[in-house]
Amino acid sequence: MALESRITQEEIKKEPEKPIDREKTCPLLLRVFTTNSGRHHRADEFARGNVPSSELQIYTWMDATLKELTSLVKEVYPEARKKGTHFSFAIVFPDPRAKMYKLKEIGSTMSGRKGLDDSMTLQSQRFQIGDYLDIAITPPNRAPPLSTRMRPF
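Calculation rules
Residues numbered from 1 in each chain as written. Predicted model: local features only at pLDDT ≥ 70, side-chain atom pairs only at ≥ 80, totals over all residues. Heavy atoms only, no water. UniProt positions renumbered as here; feature names shortened; annotations may be inferred. Helix = DSSP H or I, 4+ residues; strand = E, 2+ residues; numbered from the N terminus. Buried < 20%, exposed > 50% of the residue type's maximum accessible area, 1.4 Å probe, protein only. Contact = heavy atoms within 4.5 Å. Areas by Shrake-Rupley, 256 points an atom, 1.4 Å probe, with all protein chains shown as cover. Phe/Tyr/Trp six-rings, centres within 6.5 Å; stacked < 30°, edge-to-face > 60°. Core = buried A, V, L, I, M, F, W, Y, C linked by side-chain atoms within 4.5 Å.

Going by what an unreviewed UniProt entry lists, the protein chain is known as Histone deacetylase complex subunit SAP18 and is assigned to Ataeniobius toweri. According to its UniProt record, the protein chain has this under Function (unreviewed entry): "Involved in the tethering of the SIN3 complex to core histone proteins." Note on the protein chain: under the UniProt heading Sequence similarities (unreviewed entry), the record states "Belongs to the SAP18 family."

On to the overall build of the protein chain, then. Looking only at helices and strands, the protein chain has two helices and five strands in total. By residue count, 39% of the 153 residues in the protein chain fall in the buried class. For the protein chain, the proportion of contacts with a sequence separation of at least 24, taken over those separated by at least 6, is 69%. For the protein chain, the accessible area works out to roughly 10100 Å², and carbon and sulfur atoms hold 54% of it.

What follows is about the packing of aromatic side chains. In total, this model carries five aromatic pairs according to the counting rule given. Note on Phe-33 and Tyr-132: the rings are 5.3 Å apart at their centroids and 80° apart in plane angle, and the pair reads as edge-to-face. Here Phe-33 is found in strand 1 (residues 28–35), whereas its partner Tyr-132 is found in strand 5 (residues 132–138), with 99 residues between them in sequence. Taking the relative accessible area as the measure of exposure, Tyr-132 reaches 10% and is therefore buried. A centroid spacing of 6.2 Å and a plane angle of 45° characterise the contact between Phe-46 and Tyr-101, whose relative ring orientation is tilted. With Phe-46 in the loop between strand 1 and strand 2 (55–60) and Tyr-101 in strand 4 (residues 100–110), this pair connects stretches of sequence that are 55 residues apart. Classification of Tyr-101 by relative accessible area gives partly exposed; the value is 21%.

So, about the nonpolar core. In terms of nonpolar packing, the biggest core is built from 22 residues, with Leu-30, Leu-69, Phe-89, Leu-133 and Ile-135 touching the most fellow members. What Leu-30 contacts, discounting residues up to four positions off in sequence, is Leu-56, Gln-57, Ile-58, Thr-60, Leu-69, Leu-122, Phe-127 and Leu-133.

Turning to unusual backbone geometry, a few remarks are in order. Within the chain, Lys-99 stands out as a residue other than glycine whose phi angle is a positive 55°. When you line up the elements, Lys-99 lands in the loop between strand 3 (86–95) and strand 4. Residue Lys-99 is classed as exposed on the basis of its relative accessible area of 76%. Backbone geometry places Arg-126, a non-glycine residue, at a positive phi of 60°.

Next comes the structure, spelled out in structure tokens:
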């Protein structure tokens, strides 16, 4: 029988983060994959060394917030600058036990509005160097799809 840790988002946010001196710390290469469909990429799209074609490469630090990452993505995709555009973030990481990739949704932001997840950092979500970030972008005229955690059944 396998035991699994059940850590809540509140407990993760309470952990003190070590401040990062961006003048003295070398940034990491964050490989970001985006979709404009409002849905994340499937985990099997990252299998066997393959990755989706919509890659952005961002140099940043572990204390980068979701709001900061949102603004960097908006610099590249002008259509994502519209007020009300929804950004859903997920970490894509290798699962050594199953020899496949898994997606873990970590939060969301919205253009032009403040949200609860704006100040969430990569470090607070246990992002590790080598993981990918998947961002599902939903235009303001479409409602974001229901999260797998929020299914009505």
